There are 2 protein chains.
Amino acid sequence: MKQSLGSMASVVAVPLPVWIVGTYGSDGAPNLITVSWGGICCSEPLCVSISLRKSRLSHQNIILKQAFTINIPNEQQLIGTDFVGLVSGNTVDKFSMTKWTPVQSQLVNAPYIDEVPLVFECQVLQSIEIGSHTQFIAKIVDVLAEAKILGEAGVPQVEKLAPICASPGDQSYYSLGNKLGKTYVLGKKLLAETTK
Amino acid sequence: MKQSLGSMASVVAVPLPVWIVGTYGSDGAPNLITVSWGGICCSEPLCVSISLRKSRLSHQNIILKQAFTINIPNEQQLIGTDFVGLVSGNTVDKFSMTKWTPVQSQLVNAPYIDEVPLVFECQVLQSIEIGSHTQFIAKIVDVLAEAKILGEAGVPQVEKLAPICASPGDQSYYSLGNKLGKTYVLGKKLLAETTK
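Residues numbered from 1 in each chain as written. Chains lettered and ligands numbered in written order. Predicted model: local features only at pLDDT ≥ 70, side-chain atom pairs only at ≥ 80, totals over all residues. Heavy atoms only, no water.

Asks: Mind showing me how you'd approach the overall build of chain A here?
Replies: When helices and strands are counted, chain A shows six helices and 13 strands. Principal axes of the C-alpha set define a box for chain A whose edges measure 65 × 45 × 35 Å. Across the 196 residues in chain A, those meeting the buried criterion constitute 60%. For chain A, restricting intrachain contacts to residue pairs at least 6 apart in sequence, the fraction spanning at least 24 positions comes to 57%. When the accessible surface of chain A is totalled, it reaches about 7600 Å², and 50% of it is carbon and sulfur. With 15 positive and 15 negative side-chain charges, chain A shows a separation of 8 Å between the mean positions of the two kinds. (Helix = DSSP H or I, 4+ residues; strand = E, 2+ residues; numbered from the N terminus. Buried < 20%, exposed > 50% of the residue type's maximum accessible area, 1.4 Å probe, protein only. Contact = heavy atoms within 4.5 Å. Areas by Shrake-Rupley, 256 points an atom, 1.4 Å probe, with all protein chains shown as cover. Lys, Arg positive; Asp, Glu negative; His and termini not counted. Charge placed at Lys NZ, Arg CZ, Asp CG, Glu CD.)

Structure, rendered in structure tokens:
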């Protein structure tokens, strides 16, 4: 038996990502913003979507440059990550205050964070007006990763990355927990049982 | 120093959600599909977005009914959740095989899973063609929750829900881990330090 909670879905959707978006302003100044409204939205072409309020400087920057980076921080970078979501690039230089280093992407007109171990370079394909937020759908042109987070096959390993998860319901950040099982392996057992 | 990984972003984006989408077909048959390409995409109106391949039965169902439910399963429901993503509703009755019970939403033209503790009832606002996938942006009309996952303030608690996270890089599911800190509290310390 379920009860209606009304309009609190945004605070109970879990898990959500914690990604830092990098952009350039009209004056070429690099800016950052932390987002949890985002995810992968297409496989071919490989696309990511993020949603930003129109009042944000990063919103203005993306409209202008049609590009951004997604920087996936690790647990050790949580304080800087939270800080970046707390203040506006209109009033502070977020790179300076976090002591992070902006690097110009070679492929898109946006900066990434040198210290963050995993980066997507993104070119905007569509801007969707929804309401309070604009959703930017962007092609992931390339992925950059530090060697320290790569496994044997050259694929980033989630245990080495130690990404951050958001739980808006209790306004908290969480680590990723224990491995529960393999995709499309667990389900095959049920399939085998039910088709006996 | 980072290295280019080319087009493997879809397998390294973390964390991603593990949500089950409920729809009705043209014959009224309830269907389910597991998605990780999705997230919250707007605050006012409160919206969720999910992306589905055009070949999926659930894609056809959403086009037809302009509605779906998001069912957020817990760790104990992982086998059924993985199964639902593995097989097609064109060949099997996923509710029957998981032994889950379809319940007609009172607000949208879609079924939800009685046994899953947290449900969003969603009305489609926009369908965005991206490439292999169509993204459905939908207003969350209501949230339904079982009492057992609610905390004192009547808000779902992430520890009581025990949601599942997806890590496509190693094709695995993970639990949510330890709480790392509070949003906009950690960052304030850095703000205080840098503005001394």
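Asks: Can you walk me through the nonpolar core in this structure?
Replies: Nonpolar side chains in soluble globular proteins tend to end up buried together. The biggest cluster of nonpolar side chains holds 82 residues, and the ones touching the most others in it are Phe68, Ile70 and Phe120 of chain A together with Phe68, Ile70 and Phe120 of chain B. With twelve residues, the next largest nonpolar core counts Ile128, Ile130 and Ile137 of chain A together with Ile128 of chain B among its residues. (Core = buried A, V, L, I, M, F, W, Y, C linked by side-chain atoms within 4.5 Å.)

Asks: Even after reading the chapter, I still don't get the relation of the copies chain B and chain A, so can you show me in this structure?
Replies: Each of the two chain copies can be generated from the other by rotation about an axis followed by a shift along it. Rotating chain B by 180 degrees and translating it 0.0 Å along the rotation axis places it on chain A, where the RMSD comes to 0.0 Å. The two molecules are tied by a two-fold rotation axis, judged by turn and shift. The position closest to the rotation axis in chain B is occupied by the C-alpha of Gly177 of chain B, lying 1.8 Å away. Of the residues that chain B buries at the interface, 100% are likewise interface residues in chain A, meaning the two copies contact each other through the same surface. (Least-squares fit on C-alpha atoms with pLDDT ≥ 70 in both.)

Asks: What is the right way to look at the confidence of the model for chain A in this model?
Replies: When pLDDT drops low, the exact placement of atoms in the prediction is not to be read closely. In this model, chain A carries an average pLDDT of 93, and 96% of its residues clear a pLDDT of 70 or more. If you check the scores for this complex, the pTM reads 0.95 and the ipTM reads 0.95. (pLDDT = per-residue confidence, 0-100.)

Asks: Please explain the interface of chain B and chain A as it appears in this structure.
Replies: In many reports, interface size means the accessible area that the parts give up when they come together. In this complex, chain B contributes 103 residues to the contact, which on the side of chain A involves 103 residues. Counting the surface lost from both chain B and chain A, the interface buries some 8400 Å², and carbon and sulfur atoms represent 65% of this. With its nearest N and O atoms 3.5 Å apart, the salt bridge here joins Asp170 of chain A to Lys179 of chain B. On the surface where chain B and chain A come into contact, there are 52 residue pairs in polar contact (both at pLDDT 80 or more). A breakdown of the residues in the side of chain B that touches chain A according to their chemical character gives 58 nonpolar, 30 polar and 15 charged. As judged from the seven bridges shared by strand E13 (residues 172-182) of chain A and strand E13 (residues 172-182) of chain B, these two strands associate in the antiparallel manner. From the neighbouring strand, Lys182 of chain A faces E13 of chain B, where its bridge partner is Ser172 of chain B. (Buried area = accessible area lost by both parts, 1.4 Å probe. Salt bridge = Lys/Arg side-chain N within 4 Å of Asp/Glu carboxyl O. Polar contact = N/O pair within 3.5 Å; in protein donor to acceptor, adjacent residues only side chain to side chain. Nonpolar A, V, L, I, M, F, W, Y, C, P; charged D, E, K, R; others polar. Pairing = 2+ DSSP bridges.)

Asks: Can you walk me through helix H3 (residues 78-86) of chain B in this structure?
Replies: Each α-helix winds once per 3.6 residues, and so residues spaced three or four apart point in a common direction. In terms of burial, H3 of chain B is a largely internal element, seven of the nine residues being buried. Within H3 of chain B, the full set of buried residues consists of Leu78, Gly80, Thr81, Asp82, Phe83, Val84 and Gly85 of chain B.

Asks: What exactly am I supposed to notice about the pattern of salt bridges here?
Replies: Opposite charge on two side chains lets them pair, provided their charged atoms get close. Summed over all chains, the structure comprises ten salt bridges over all chains. Between Glu146 of chain A and Lys148 of chain A there is a salt bridge, with the nearest N and O atoms lying 3.4 Å from each other. What emerges from the salt-bridge pattern is a single network uniting Lys2 of chain A together with Glu146 and Lys148 of chain B.

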